[in-house]
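Observations on chain architecture
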Amino acid sequence: MQQDAVNRIQDWQQEHDATMQAKNEEMEQTKIHYEELATAVRAQAAQNITSLEKKADLQKRSLQEQHAKHVALLEEEMKLKQKASDALLQETRQEAKHTLKQQKDAH
C-alpha cells in the first residue's frame, strides 16, 4: 500500500512535469509568435513612415513649384503694370507737349 502511494505520487509528478513542459513549450511558441508580430509591426511602421515622408516630400515640392509659378506671375504682372504706367506717362507727356504747342501757337 505504501508502494502504491509512492507510485501514484511518482505518476502525478511525471504528469505534472509533462504538463509543465508542455505549458513551457506553448509559452515559448507564444513568445516567438509575439516577437514575430512585433517585428512585422515595426517593419510595417517603418514602411508607413517612409511612405509618409515620400508623400510629404512630394507635397513640399508641389507647393514650392506652385509658389515659384505664383511669384513668376506676380513678377509678370508687375512688369505689365510698369509698362502700362510708362505708356500712360508717355501719353501724358505727349498731351502736355501738344497742349503747350497749342498755347504757344495761340499767342
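Higher on the page you've got the structure.
Residues numbered from 1 in each chain as written. Predicted model: local features only at pLDDT ≥ 70, side-chain atom pairs only at ≥ 80, totals over all residues. Heavy atoms only, no water.

1. Side note on the overall build of the protein
The condition is simple: Helix and strand labels come from DSSP, where a helix needs a run of H or I of at least four residues and a strand needs a run of E of at least two; each type is numbered from the N terminus. Radius of gyration: over C-alpha atoms. The globule rule applied is 2.2 Å multiplied by the number of residues raised to the 0.38 power. With a 1.4 Å probe rolled over the protein chains alone, any residue whose accessible area is under 20% of its type maximum counts as buried; one over 50% counts as exposed, and the rest are partly exposed. To be clear on the numbers: accessible area is Shrake-Rupley with a 1.4 Å probe, and residue cover counts the displayed protein chains and nothing else. His residues and chain termini do not enter the charge count, which takes Lys and Arg as positive and Asp and Glu as negative. One atom stands in for each charge, and that atom is NZ of Lys, CZ of Arg, CG of Asp or CD of Glu.
Along its length, the protein carries one helix and zero strands. Taking 107 residues into account, the globule formula puts the C-alpha radius of gyration at 13 Å, and the protein, at 46 Å, lies well above it. Taken along the three principal axes of its C-alpha coordinates, the protein extends 155 × 15 × 5 Å. Among the 107 residues that make up the protein, the fraction classed as buried is 0%. Total accessible area on the protein is roughly 10300 Å²; 57% of this is exposed by carbon and sulfur atoms. Across the protein, 16 positive and 19 negative side-chain charges occur, with their mean positions spaced 19 Å apart.

2. Side note on the pattern of salt bridges
Note the following rule: When a carboxyl oxygen of Asp or Glu lies within 4 Å of a side-chain nitrogen of Lys or Arg, that pair is called a salt bridge.
Across all of its chains, the model carries two salt bridges by this definition. Two residues, K81 and E77, come together in a salt bridge whose shortest N-O distance is 3.2 Å. Highlighted residues: K81 and E77, both in helix α1 (residues 2-106), separated by four residues, approximately one helical turn. For K81, a relative accessible area of 54% corresponds to the exposed category. Taking the relative accessible area as the measure of exposure, E77 reaches 37% and is therefore partly exposed.

3. What to know about the environment of D105
Checked against the element boundaries, D105 lands in helix α1. Between the C-alpha atom of D105 and that of A68, which follows or precedes it by 37 residues, the distance is 55 Å.

4. Considering the environment of H107
Relative to the elements of secondary structure, H107 occurs in the segment after α1. Looking at H107, the relative accessible area reads 86%, which means it is exposed. The spacing of H107 and E91 is 16 residues in sequence and 24 Å in space, taken between C-alpha atoms.

5. Considering the environment of M78
Along the chain, M78 falls in helix α1. Residue classification places M78 among the exposed residues on the basis of a relative accessible area of 60%. Distance in space between the C-alpha atoms of M78 and D57 is 31 Å, their sequence separation being 21 residues.

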